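The chain contents come next:
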Amino acid sequence: MSDNNIQLINIGVSVFLVIMTFLFIFRIVLTWYPQVESQKFPFSIVVAPTEPFLAPSRKIIPPIGGVDITPIVWVGILSLIREVLVGQQGLITMLTR
């Protein structure tokens, strides 16, 4: 692979992880408003890409005090993955050097 392709992969992975992190943050905010109909537009834009990650996670991580903490866990996981792959010392970043 050329350096140009690796840089494109680096940017693509970074953008994807940032977008998913923001979607999970919006999902955290949505949990503050239980009356919101999450299946209707515009909320479905946030729910559709995050629910495949959250549904299995809820089976492993129970709510704490009635609060679903799985979106918070996923923000942490995505932040870690982003740092490991595209951070200053990330695996993909090191390939470009």
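Structure's up top.
Residues numbered from 1 in each chain as written. Predicted model: local features only at pLDDT ≥ 70, side-chain atom pairs only at ≥ 80, totals over all residues. Heavy atoms only, no water.

*Asks:* Got a minute to help me understand the overall build of the chain in this structure?
*Replies:* Within the chain one finds 4 helices and 0 strands. Shown N-terminal to C-terminal, the secondary structure of the chain runs as helices and strands in the order α-α-α-α. The C-alpha radius of gyration computed for the chain amounts to 16 Å, which surpasses the reference 13 Å derived for 97 residues by more than 25%, pointing to a less compact arrangement than a globule. C-alpha atoms of the chain, sized along the principal axes, occupy 50 × 30 × 20 Å. The buried share of the chain, reckoned over its 97 residues, is 27%. Look at the contacts in the chain between residues 6 or more apart in sequence, and 51% of them connect residues 24 or more apart. Accessible surface computed for the chain: about 6,600 Å², of which carbon and sulfur atoms make up 71%. One finds the centroid of the 6 positive side-chain charges in the chain at a distance of 3 Å from the centroid of its 5 negative side-chain charges. (Helix = DSSP H or I, 4+ residues; strand = E, 2+ residues; numbered from the N terminus. Rg over C-alpha atoms; globule rule 2.2 N^0.38 Å. Buried < 20%, exposed > 50% of the residue type's maximum accessible area, 1.4 Å probe, protein only. Contact = heavy atoms within 4.5 Å. Areas by Shrake-Rupley, 256 points an atom, 1.4 Å probe, with all protein chains shown as cover. Lys, Arg positive; Asp, Glu negative; His and termini not counted. Charge placed at Lys NZ, Arg CZ, Asp CG, Glu CD.)

*Asks:* Would you take a moment to explain the environment of Leu91 for this structure?
*Replies:* Examined against the element boundaries, Leu91 turns out to sit in helix α4 (residues 91-95). Along the backbone, Leu91 and Asn10 are 81 residues apart, and their C-alpha atoms lie at a distance of 9.5 Å. Apart from residues lying up to four places away in sequence, Leu91 is in contact with Val84 and Leu85.

*Asks:* I keep staring at the environment of Thr21 and nothing clicks. Help me out?
*Replies:* Structurally, Thr21 is set in helix α1 (residues 3-31). Taking relative accessible area as the criterion, Thr21 reaches 14% and is therefore assigned buried. Expressed as a C-alpha distance, the spacing of Thr21 and Trp74, which sit 53 residues apart in the sequence, is 7.8 Å. Apart from residues no more than four positions distant in its own chain, Thr21 is found in contact with Val75 and Leu78. A distance of 2.8 Å separates a polar side-chain atom of Thr21 from the backbone oxygen of Leu17. (Polar contact = N/O pair within 3.5 Å; in protein donor to acceptor, adjacent residues only side chain to side chain.)

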